[in-house]
Amino acid sequence: MTSKIAYEDVEVGTELPAQTFPVTRATLVRYAGASGDFNPIHWNEKFAKEVGLPDVIAHGMFTMAEAIRVVTDWTGDPGAVVDYGVRFTKPVVVPNDDQGALIEVSGKVAAKLDDNTVRVDLTATSAGQKVLGMSRAVVRLG
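Residues numbered from 1 in each chain as written. Predicted model: local features only at pLDDT ≥ 70, side-chain atom pairs only at ≥ 80, totals over all residues. Heavy atoms only, no water.

The name that an unreviewed UniProt entry assigns to the protein chain is MaoC family dehydratase, with the source organism given as Streptomyces sp. 900105755. Database annotation for the protein chain, UniProt heading Sequence similarities (unreviewed entry): "Belongs to the enoyl-CoA hydratase/isomerase family." (UniProt positions renumbered as here; feature names shortened; annotations may be inferred.)

Pasting the structure below:
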C-alpha cells in the first residue's frame with residue numbers, strides 16, 4: 001500500500017480529521033491479553049488507588065496506539081509512518097461504568113520535510129487534560 005495523500009497536496013497547517021476513541025474496562029482487559037501487560041494498575045481499582053492513582057488507568061502504549069490511528073486513517077497506509085514518538089504526560093483514567101473514558105485526538109501537519117515526508121503533530125486529551133506530549137509522527141506521503 002501507499003499513502004492516499006499526495007505530498008504536493010499537503011501544506012504546513014493542514015489539519016487531519018479529529019477522532020474520539022472510547023476506552024472501557026473491557027477494552028483494557030482485551031488490550032492486556034493481547035499485549036501481555038497485566039499490571040494491576042490497568043484492571044484492579046483497589047491496587048491502582050493504593051499506589052496513588054485516582055482509579056484504573058489505560059496502558060500508555062494503548063493510548064499511544066489509539067492516537068496514531070488519526071495519522072494512519074488519514075494516509076490510508078499504516079506503513080507510511082516512518083517515525084513516531086510521544087511523552088506520557090497524564091494517565092487516561094477509566095472509571096468502572098458503562099461510559100468509560102474518551103481519548104480525543106487531533107493532528108496537524110507541522111513541517112514538510114525531504115523525501116516526500118511530513119511531520120504531523122498530534123494532540124491527545126482525555127477528560128480535558130493533555131495525556132500525550134511531544135506527540136509527533138514522520139509520515140511518507142505519495
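Chemist: Quick rundown of the sheet that holds strand β3 (residues 101–112)? Include the residues and the values.
Modeler: Strand order in the open sheet formed by five strands is β1-β3-β4-β5-β2, and the pairing between neighbours is antiparallel. On the outer flanks of this sheet lie β1 (15–23) and β2 (81–88), each paired with one strand and no other. Ignoring strand direction, the axes of neighbouring strands in this sheet form an average angle of 20°. Direction of pairing for strand β4 (residues 117–126) relative to strand β5 (residues 129–140): antiparallel, over a ladder of eight bridges. The residue of β5 that forms the bridge with S126 is Q129. Those strands touched by helix α3 (residues 60–75) are β1, β2, β3, β4 and β5, and its axis lies near 145° from that of β1. (Pairing = 2+ DSSP bridges. Helix = DSSP H or I, 4+ residues; strand = E, 2+ residues; numbered from the N terminus. Axes fitted to C-alpha atoms, helices over the stretch in contact; angles between N-to-C directions. Contact = heavy atoms within 4.5 Å.)

Chemist: Residues and numbers for the pattern of salt bridges, please.
Modeler: For the coordinates displayed, the defined rule picks out eight salt bridges. E66 serves as the salt-bridge partner of R69, at 3.0 Å between the closest nitrogen and oxygen. Remark: E66 and R69 occur in helix α3; sequence separation between them is three residues, near one turn of the helix. Of the residues examined, E66 reaches a relative accessible area of 10% and is grouped as buried. Across the pair R140 and D115 runs a salt bridge whose closest N-O atoms are separated by 2.9 Å. Here D115 lies in the loop between β3 and β4 and R140 lies in strand β5, a separation of 25 residues in the sequence. Under the relative-accessibility criterion, D115 is labelled exposed at 54%. One salt-bridge network, in which partners are shared between bridges, spans R25, E45, K49 and D55. (Salt bridge = Lys/Arg side-chain N within 4 Å of Asp/Glu carboxyl O. Buried < 20%, exposed > 50% of the residue type's maximum accessible area, 1.4 Å probe, protein only.)

Chemist: I'd love a proper account of the nonpolar core, names of residues and values included.
Modeler: By size, the foremost hydrophobic cluster in this structure holds 33 residues, and its most contacted members are W74, V105, V118, V120, V139 and L141. Contributing elements (two or more residues each) for this core: β1, α3, β3, β4 and β5. For this core, the element with the highest residue contribution is α3, accounting for seven residues. Non-local contacts of W74, meaning those with residues more than four positions away in its chain, are made with K4, I5, V10, L16, P17, V109, V120 and L141. (Core = buried A, V, L, I, M, F, W, Y, C linked by side-chain atoms within 4.5 Å.)

Chemist: Go over the UniProt feature "domain: MaoC-like" (unreviewed entry) in the protein chain, please, and point to the residues and values.
Modeler: In the numbering adopted here, UniProt assigns the feature "domain: MaoC-like" (unreviewed entry) to residues 14–123. Secondary structure within residues 14–123 divides into 30% helix and 33% strand; the distance between the first and last C-alpha atoms comes to 14 Å.

Chemist: Report on α3, specifying residues and quantitative values.
Modeler: With 16 residues, α3 extends 24 Å between its outermost C-alpha atoms, agreeing within 8% with the 22 Å of an ideal straight helix rising 1.5 Å per residue. Helix geometry: α3 is bent most strongly at R69, by close to 30°. For α3, the set of buried residues is F62, T63, M64, E66, A67, I68, V70, V71, T72, W74 and T75. Here the buried face of α3 lies against β1, α1 (25–35), β2, β3, β4 and β5. At the C-terminal side of α3, G76 shows a positive phi close to 80°. (Expected span 1.5 Å × (residues − 1). Bend = angle between axes of the 7 residues up to and from the residue.)

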